[in-house]
Amino acid sequence: MDFKDFHFAPPLAKAIAQCGYSTPTQIQQQAIPHLLQRKDLLGLAQTGTGKTAAYLLPTLQTLLAQQKKGVRALILVPTRELAEQVYKNTLQLSTLTSLRSCTIYGGVSKVEQMKKLARGVEVVIACPGRLLDHIQSKTVDLRNLDTLILDEADQMFDKGFLPDIRRILTHIPAKRHSMVFSATMPDEVRGFVEDILQDPVTIQIDHDKPSKTISHTLFQVAQDNKTTLLRDVLLSHNTPKTLVFTKTRFKAKSLGAQLLRQGFAVTSLQGNMSQPQRQAAMDGFRKGKFKVLIATDIAARGIDVSEISLVINYDVPDTVEAYTHRVGRTGRAEHTGQALTFATQADKRIVRLVEHQLGRIFVAGSVETTGQGNTEHLQAHHDDRATAQVEEKEARIFTGKKAHRREKRPFPFASNHPVKHVRSKRTRKSQTAL
C-alpha cells in the first residue's frame, strides 16, 4: 500500500513526499480510511507506530475541504513536550496549505498564545489546564469546533486531567468528529471513551506489547550499585542517544549531576523544570549536544527522537503499561532497539509480570567493568548512598514514619532464569550477597 492510495489533496500529498513517507504504517493503513469517512475512532497502538500522522492527515484533509475560518480542530495532549511534537508534525504536513496552528500549554507566556489565537488558527494543540484558562478568559472560541482528538489518553487520565476534559467538553459542539488514541486502555479510560465517541471503530495494533524489534535485558543489581553499573553500561555501549528512566524527579536530577561530574554528556528532564529549561534539554538531546537524557515517566511524554537506540530502566517502573511506554521510545519505525532494566530484589514481582506480557523471560545482562580506579568507584558508591539517604529522609517527611530497609533475600525472577550478577571490582563482595 502507498500513501497515494488515500488520494490526499495535492498540498498534503506533496508534504507527505517531502517528509519521506511512502508506505503507511499499520495504524495509518487501518485508521486513515475510517477517519476520511468521518467515523469516530478508538486507536490502540504503541508509541512510535505513526499514530500522529494517522489522525493529522485526515483532519487536515477535512479542513482543506471545508475552507472555514476559526478553530476547527482541537488536539488534547498530556504534556508540553508532546504538544510541541504534534505541532511540529502539523507544521510539516500543512506547510503547503494556508492552515494555521498553535500550541497552548502552561509554563510559558499566556499573552503570546492570546496573540496567536487572535490572529486566527484552525488547529489548536493543547494541554487541558491552560486551555481551560483560555476558555474562562474567553480568549479562545471553540463553538465551531469540528474535530476533537485525544492523544495518549491513558496518560491524561493518569495525570488527573479527567475533570478538566469534562469541563472542556461542555464548551464544544456535541455534534463533532471525535477520535481517541492511547497506548493502553485501563477500565477507567474505557468508560470515559464511551462517553466521547459515538459508535466508534476500534483499531488495535499490539497496543499492550512493546515492538518486536526491541531486545530486553535484565541486570540484577543492588540499589547502592546502580550508578556504577549505569556508568559501565554507558561506556560499553557508547550509543549516540540513550534515554534513562528514574522514578522520581529528585533522582533524575541527582543522577544527571553525578554522570556530569564523571564526564558524560548528559542532561535531565523533570516536571519541576521551567519550559525554557525543558526545551533546552530536549533540543540539546535531539541535536547531539547531550548523548544521555535522564527523565521521569511524566517528563518523558512527547519525547519523539528517532535515533534513540538504547533505553535504560534505572528504576523498574510500577506497571507493565509503564514499561511498554518507556521502551517504546526505541525500536521505532521497524528499527532495532535495546531496553536494559536494572532490578533489585524488591522488583521481582513486576519483572515477572513484564516477562509474562513479553511471552518470554529477560535475557540476563552482563557488562565489562571499566576498573578506572578505586577513587571513582568509591565516589559513585558514596553518591548512591547519599541519594538513598536523602530519598529516605523525604519519605519520612511525607509519611511521618521511619523508613525501613527491606531484608535482602534471594532474587529468583523466574524458574531456570540464568541471571548473572553485575558488579565492579569495588563492589564484588557486596553483590554476591544478593
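Going by the structure above, here's the rest.
Presented here is a report on the structure given in the accompanying data block.

The rules behind these values
Residues numbered from 1 in each chain as written. Predicted model: local features only at pLDDT ≥ 70, side-chain atom pairs only at ≥ 80, totals over all residues. Heavy atoms only, no water. Pairing = 2+ DSSP bridges. Helix = DSSP H or I, 4+ residues; strand = E, 2+ residues; numbered from the N terminus. Axes fitted to C-alpha atoms, helices over the stretch in contact; angles between N-to-C directions. Contact = heavy atoms within 4.5 Å. Buried < 20%, exposed > 50% of the residue type's maximum accessible area, 1.4 Å probe, protein only. Right-handed = clockwise from strand over helix to strand, strands pointing away. Phe/Tyr/Trp six-rings, centres within 6.5 Å; stacked < 30°, edge-to-face > 60°. Expected span 1.5 Å × (residues − 1). Patch = residues over 30% accessible without salt bridge, like charges linked within 9 Å, V, L, I, M, F, W, Y side chains within 5 Å. Areas by Shrake-Rupley, 256 points an atom, 1.4 Å probe, with all protein chains shown as cover. Salt bridge = Lys/Arg side-chain N within 4 Å of Asp/Glu carboxyl O. Lys, Arg positive; Asp, Glu negative; His and termini not counted. Charge placed at Lys NZ, Arg CZ, Asp CG, Glu CD. Core = buried A, V, L, I, M, F, W, Y, C linked by side-chain atoms within 4.5 Å.

Details of the sheet that holds strand S1 (residues 41-45)
Across the sheet, 7 strands lie side by side as S3-S4-S2-S5-S6-S1-S7; this open sheet has parallel pairing. Edge positions in the open sheet fall to strand S3 (101-104) and strand S7 (201-205), since each of these has one partner strand only. When the angles between neighbouring strand axes are averaged without regard to direction, this sheet yields 15°. Note that strand S2 (residues 73-76) and strand S4 (residues 123-126) share 4 bridges and pair parallel. From the neighbouring strand, Ile-75 faces S4, where its bridge partner is Ile-125. Each of S1, strand S6 (177-182) and S7 touches helix H2 (residues 26-36); the most contacted strand, S7, lies at about 170° to it.

A closer look at the pairing of S3
Of the two faces of S3, the one lined by Ser-101 and Thr-103 and the one lined by Cys-102 and Ile-104 are each fully buried. Relative to S4, S3 is paired through 4 bridges, and the arrangement is parallel. Counterpart to Ser-101 in the pairing with S4 is Val-123. Running through helix H5 (residues 110-119), the crossover from S3 to the neighbouring parallel element S4 is right-handed.

Details of the packing of aromatic side chains
Throughout the structure, instances matching the rule amount to 8 aromatic pairs. Here the aromatic rings of Phe-6 and Phe-8 are separated by 5.7 Å at their centres, their planes lie at 55°, and the arrangement is tilted. With centroids separated by 6.0 Å and ring planes inclined at 85°, the aromatic side chains of Tyr-323 and Phe-362 adopt a geometry described as edge-to-face. Of this pair, Tyr-323 sits in helix H13 (residues 320-327) while Phe-362 sits in the loop between helix H14 (348-358) and strand S14 (363-364), and the two are 39 residues apart along the sequence. In this structure Tyr-323 comes out as buried when scored by relative accessible area, which is 2%.

So, the environment of Leu-169
In this fold, Leu-169 is placed in helix H8 (residues 162-169). In this structure, the C-alpha to C-alpha distance between Leu-169 and Leu-142, residues 27 residues apart in sequence, is 9.9 Å. Not counting the four nearest positions on each side in its chain, Leu-169 is found in contact with Leu-148, Arg-176, Phe-192 and Ile-196.

Side note on helix H12 (residues 275-286)
Between its first and last C-alpha, H12 extends 16 Å over 12 residues, near the 16 Å set by a 1.5 Å rise per residue. The complete set of buried residues in H12 reads Gln-275, Arg-278, Ala-281, Met-282, Gly-284 and Phe-285. In the core, the buried residues of H12 are packed alongside helix H4 (80-94), strand S9 (242-245), strand S10 (266-269) and strand S11 (292-295). Phi for Gly-288, located one or two positions after H12, is positive at around 95°.

Quick notes on unusual backbone geometry
A negative phi angle is the norm for most residues apart from glycine, just as the trans form is the norm for most peptide bonds. In this structure, His-7 is a non-glycine residue whose phi angle is positive, near 55°. By secondary structure assignment, the location of His-7 is in the segment before helix H1 (10-18). Residue class for His-7 comes out exposed when judged on its relative accessible area of 63%. Its identity as a non-glycine residue notwithstanding, Glu-152 has a phi of 55°, on the positive side. Tracing the backbone through its elements, the reader meets Glu-152 in the loop between strand S5 (147-150) and helix H7 (153-158). Assessed through its relative accessible area of 4%, Glu-152 is described here as buried.

Regarding a negative patch on the surface
Taken together, the side chains of Asp-158, Asp-187, Glu-188 and Glu-321 make up a negatively charged region of the molecular surface. Looking at the secondary structure, you find Asp-187 in helix H9 (residues 187-196).

A look at the nonpolar core
Membership of the largest hydrophobic core comes to 39 residues, with the highest contact counts inside it found for Phe-8, Tyr-55, Leu-57, Ile-75, Val-77 and Ile-125. Broken down by element, the residue count for this core peaks at 8 residues, all from helix H3 (residues 51-66). Dropping the residues within four chain positions of it, Phe-8 is found in contact with Phe-3, Ala-13, Ile-16, Ile-32, Leu-36, Leu-57, Pro-58 and Gln-61. Ranked by size, the runner-up nonpolar core spans 33 residues in total, among them Val-71, Leu-117, Leu-145 and Ile-165.

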